[in-house]
Protein chains: 2
Amino acid sequence: MSSKHFHHSDIMAMDQRYRTAFINSLSGFKSANLVGTQNQAGRTNLALVSSVVHIGANPPYLGMIMRPHTVRRDTIENIESTGVYTLNHVAESFYPQAHQTSARYDEFTSEFDATGLTPVHIDSFTAPFVEQSPIKLGMTLKEILPISCNNTQLIIGEVTHVILNEQAVGSDGFVDLEALKVMAISSLDSYHVTQQQGRMAYAKPELPPRINTPSR
Amino acid sequence: MSSKHFHHSDIMAMDQRYRTAFINSLSGFKSANLVGTQNQAGRTNLALVSSVVHIGANPPYLGMIMRPHTVRRDTIENIESTGVYTLNHVAESFYPQAHQTSARYDEFTSEFDATGLTPVHIDSFTAPFVEQSPIKLGMTLKEILPISCNNTQLIIGEVTHVILNEQAVGSDGFVDLEALKVMAISSLDSYHVTQQQGRMAYAKPELPPRINTPSR
């Protein structure tokens, strides 16, 4: 095994595209979500994000990092103006279409129309869900935190709707993402299915680590 | 398929442990990292986090969400006092020991000693790396952002050292996490290996989605 040590100067000297792929790999496996929004005129927008992060369970908050001055600007403007958005987990059956939403369509094109994904409205929730997604979350904007060091934003929302197959929810509240064919992403463009190796019992200082049998 | 719609009131009515497992599932697959720190007296600390998130590639920033008033308080104090920490990706060969670092050891016990993971110092970097980890990152604290809505913090660091097997780095900068046996985590305690389905070509409005052959 040839272990290599990249120093900060090595990273800064990398070609820009190379560094982007390299650094985007270093955060490890990531979730793949489609953010659904709608503007005041009812035009829908769908954007792929891999930066969704757990903020807290009580109240139920999720965050995501967004860059204001990119193609996803529409998404942030829609979230700010309507106060709501959806997060739709990307599954094996439609990940190529999900990735296609990252193309730079013009402002008059909805990524739903362009990719063949289906918008669905549930109850009176203003933002569109993705029908094909096995985990659909309705989010209510809670807070937008500016990240000054690189001009990005942490958008925090409260989970106000969860739509999924209840057979995937265990008796302890664990949601079996694998059973729902939810994918993981790495770097910018690599899509992965997973295989559970085990669930760990709650760790205690006086006991060795205990692996529970995989749930399937 | 029996699709269930959980409303906000259903979530708030859940038993606390059930809700914790449920909501922690909703952010999808997550990275698994061990945060290595050291206090001014040289005592080491190791804490498991699943909240590492990409902030930017240029400069190379990673964030992580931490709760100040938990067992991982030592970690934040050490980061604040020394300005550095390490992120060490959890791999298949040692994930039970990695999970065991989440046990509430007393303040005089290093999680390295308690779990059998090996601290290693590289160059003059103050924070300890985990020898067993296939991707070791040396991080320099950039910014701590308070998240007021639930009293957590977003800790942002700059990637200043990267140590990994260079055979896992592709000609385009993509790091093959699978080849390095890096794991994904779901909910609080479920560990997964992955299988790449494909890398997607850069999406363009005028072209359909194109799946490249898996790299292996």
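Now for a look at the structure at hand. Being a predicted model, the structure only gives us computed values, none of them experimental. Think of each chain on its own: its residues are numbered from 1, step by step along the sequence as written. Naming scheme: in the order in which they are written, chains are lettered from A and ligands are numbered from 1. Local features in this predicted model are restricted to residues whose pLDDT is 70 or higher, and side-chain atom pairs enter the listing and the counts only when it is 80 or higher, whereas totals over whole chains, interfaces and linings include all residues. To obtain the side-chain values, all non-hydrogen atoms of the structure were used and water was disregarded.

Some remarks on the overall build of chain A
Line of reasoning, step 1. Secondary structure elements are defined from DSSP: runs of H or I of at least 4 residues count as helices, runs of E of at least 2 residues count as strands, and each element is numbered from the N terminus. Each helix and strand counted, chain A has five helices and 14 strands in total.
Line of reasoning, step 2. Its C-alpha radius of gyration of 19 Å places chain A within 12% of the 17 Å reference for a compact globule of 216 residues.
Line of reasoning, step 3. The principal-axis extents of the C-alpha atoms in chain A amount to approximately 60 × 50 × 30 Å.
Line of reasoning, step 4. Any two residues whose heavy atoms approach within 4.5 Å at even a single point are treated as in contact. Taking all contacts inside chain A whose residues are at least 6 apart in sequence as the whole, residues at least 24 apart take part in 55%.
Line of reasoning, step 5. Computed with a 1.4 Å probe, the accessible areas rest on the Shrake-Rupley method; for each residue, only the protein chains presented here act as cover. When the accessible surface of chain A is totalled, it reaches about 8500 Å², and 46% of it is carbon and sulfur.
Line of reasoning, step 6. Lys and Arg are tallied as positive, Asp and Glu as negative. Neither His nor the chain termini are counted. Lys charges are placed at NZ, Arg charges at CZ, Asp charges at CG and Glu charges at CD. Each charge class in chain A can be summarised by its mean position, and for the 16 positive and 20 negative side chains these summaries are 7 Å apart. As defined in this context, the radius of gyration uses C-alpha atoms, and a globule is described by 2.2 Å times the residue total to the power 0.38.

Things to note about the relation of the copies chain B and chain A
One copy of the chain maps onto the second through a rotation around an axis plus a translation along that axis.
Line of reasoning, step 1. The least-squares superposition of copies is restricted to C-alpha atoms, and to residues with a pLDDT of at least 70 in both copies. The transformation that overlays chain B on chain A combines an axial shift of 0.0 Å with a rotation of 180°, and the residual RMSD is 0.0 Å. Taken together, the rotation angle and the small translation identify this as a two-fold axis. By C-alpha distance to the rotation axis, the residue of chain B lying nearest is B:T194, at 2.0 Å.
Line of reasoning, step 2. A share of 99% of interface residues in chain B that are also interface residues in chain A marks the association as one of identical surfaces.

Overview of the pairing of strand β3 (residues 33–38) of chain B
All names here are of chain B.
Line of reasoning, step 1. Burial classification: accessible surface area is computed with a 1.4 Å probe over protein chains only, and a residue below 20% of its type maximum counts as buried, one above 50% as exposed, and the rest as partly exposed. Across the six residues that make up β3, a large majority, six, are buried.
Line of reasoning, step 2. Burial along β3 is two-sided: N33, V35 and T37 and L34, G36 and Q38, pointing in opposite directions, are all buried.
Line of reasoning, step 3. Strands were regarded as paired on the criterion that DSSP finds at least two bridges between them. Judged from the six bridges that link them, β3 and strand β4 (residues 44–49) form a sheet pairing that is antiparallel. Bridge pairing in β4 places Q38 opposite T44.
Line of reasoning, step 4. The turn joining β3 and β4, which pair antiparallel and follow one another in sequence, is formed by five residues; a positive phi near 90° is taken by G42.
Line of reasoning, step 5. The sheet contact formed by β3 and strand β7 (residues 84–89) spans four bridges and is antiparallel. Residue N33 lies in a different strand from β7, and its bridge partner there is H89.

Brief notes about helix α2 (residues 16–25) of chain B
Line of reasoning, step 1. Every buried residue of α2(B) is accounted for by B:R19, B:A21, B:F22, B:I23, B:N24 and B:S25.
Line of reasoning, step 2. Close packing links the buried residues of α2(B) with β5 (52–57), β6 (60–66) and β11 (152–165) of chain A together with β1 (3–7), α1 (8–12) and β2 (30–31) of chain B.

Some thoughts on the packing of aromatic side chains
Residues and elements named next belong to chain A.
Line of reasoning, step 1. Side-chain rings of Phe, Tyr and Trp, where Trp is taken by its six-membered ring, are said to pair if the distance between their centres is within 6.5 Å; with planes under 30 degrees apart they count as stacked, over 60 as edge-to-face, and otherwise as tilted. Taken as a whole, this structure holds eight aromatic pairs over all chains when the rule is applied.
Line of reasoning, step 2. Considering the side-chain rings of F125 and F129, the 5.6 Å spacing of their centres and the 40° angle between planes classify their relative orientation as tilted. Accessibility classification places F125 together with F129 in one group, the buried group.
Line of reasoning, step 3. Among the aromatic residues, those joined into a ring-pair cluster are F6, Y18 and F22.
Line of reasoning, step 4. Counting as a charge over the ring demands two things of the Lys NZ or Arg CZ atom: a distance within 6 Å of the ring centre and an angle within 35 degrees of the ring normal. Against the face of F174 rests R199, its NZ or CZ located 4.0 Å from the ring centre.

Considering the nonpolar core
Line of reasoning, step 1. Counting residues in hydrophobic clusters, the biggest one holds 64 residues, and the most contacted among them are A:M64 and B:M64.
Line of reasoning, step 2. Not counting the four nearest positions on each side in its chain, B:M64 is found in contact with B:V35, B:V49, B:S51, B:V52, B:I79, B:Y85, B:L87, B:Q153, B:L154 and B:I155. Only buried residues count toward a nonpolar core, which is a set of Ala, Val, Leu, Ile, Met, Phe, Trp, Tyr and Cys residues joined through side-chain atoms within 4.5 Å.

Here we look at unusual backbone geometry
All names here are of chain A.
Line of reasoning, step 1. With an omega dihedral of 0°, the bond running from N58 to P59 counts as a cis peptide bond.
Line of reasoning, step 2. Structurally, the position occupied by P59 is in the loop between β5 and β6.
Line of reasoning, step 3. Backbone geometry places S187, a non-glycine residue, at a positive phi of 50°.
Line of reasoning, step 4. Mapped onto the elements, S187 comes out in the loop between β12 (184–186) and β13 (190–200).

Describing the interface of chain B and chain A
Line of reasoning, step 1. At the interface, 110 residues of chain B touch 109 residues of chain A.
Line of reasoning, step 2. Here the buried area means the combined drop in accessible surface, using a 1.4 Å probe, for two parts upon being joined, counting both sides. Note on chain B versus chain A: buried area summed over both sides is about 9200 Å², and carbon and sulfur give 61% of it.
Line of reasoning, step 3. Whenever a carboxyl oxygen of Asp or Glu lies within 4 Å of a side-chain nitrogen of Lys or Arg, that contact is scored as a salt bridge. At the boundary of chain B and chain A, one finds four salt bridges.
Line of reasoning, step 4. For B:K4, the salt bridge goes to A:E166, with nearest N and O atoms at 3.9 Å.

Some words on the side chain of A:S110
Line of reasoning, step 1. As for its placement among the helices and strands, A:S110 is situated in the loop between α4 (95–100) and α5 (111–115).
Line of reasoning, step 2. Within the structure, the side chain of A:S110 is placed 3.1 Å from the backbone nitrogen of A:F112, a separation counted as a polar contact. Throughout this description, a polar contact denotes any pair of N or O atoms lying within 3.5 Å of each other; where both atoms belong to protein, one of them has to be capable of donating a hydrogen while the other can accept it, and for residues adjacent in sequence the pair is counted only when both atoms sit in side chains.

Focus on the pattern of salt bridges
Line of reasoning, step 1. For the coordinates displayed, the defined rule picks out six salt bridges over all chains.
Line of reasoning, step 2. B:D172 serves as the salt-bridge partner of B:R199, at 3.0 Å between the closest nitrogen and oxygen. On the criterion of sequence distance, the pair formed by B:R199 in strand β13 (residues 190–200) and B:D172 in the loop between β11 (152–165) and β12 (184–186) is long-range, its members being 27 residues apart.
Line of reasoning, step 3. One salt-bridge network, in which partners are shared between bridges, spans A:D172, A:R199 and B:D189.

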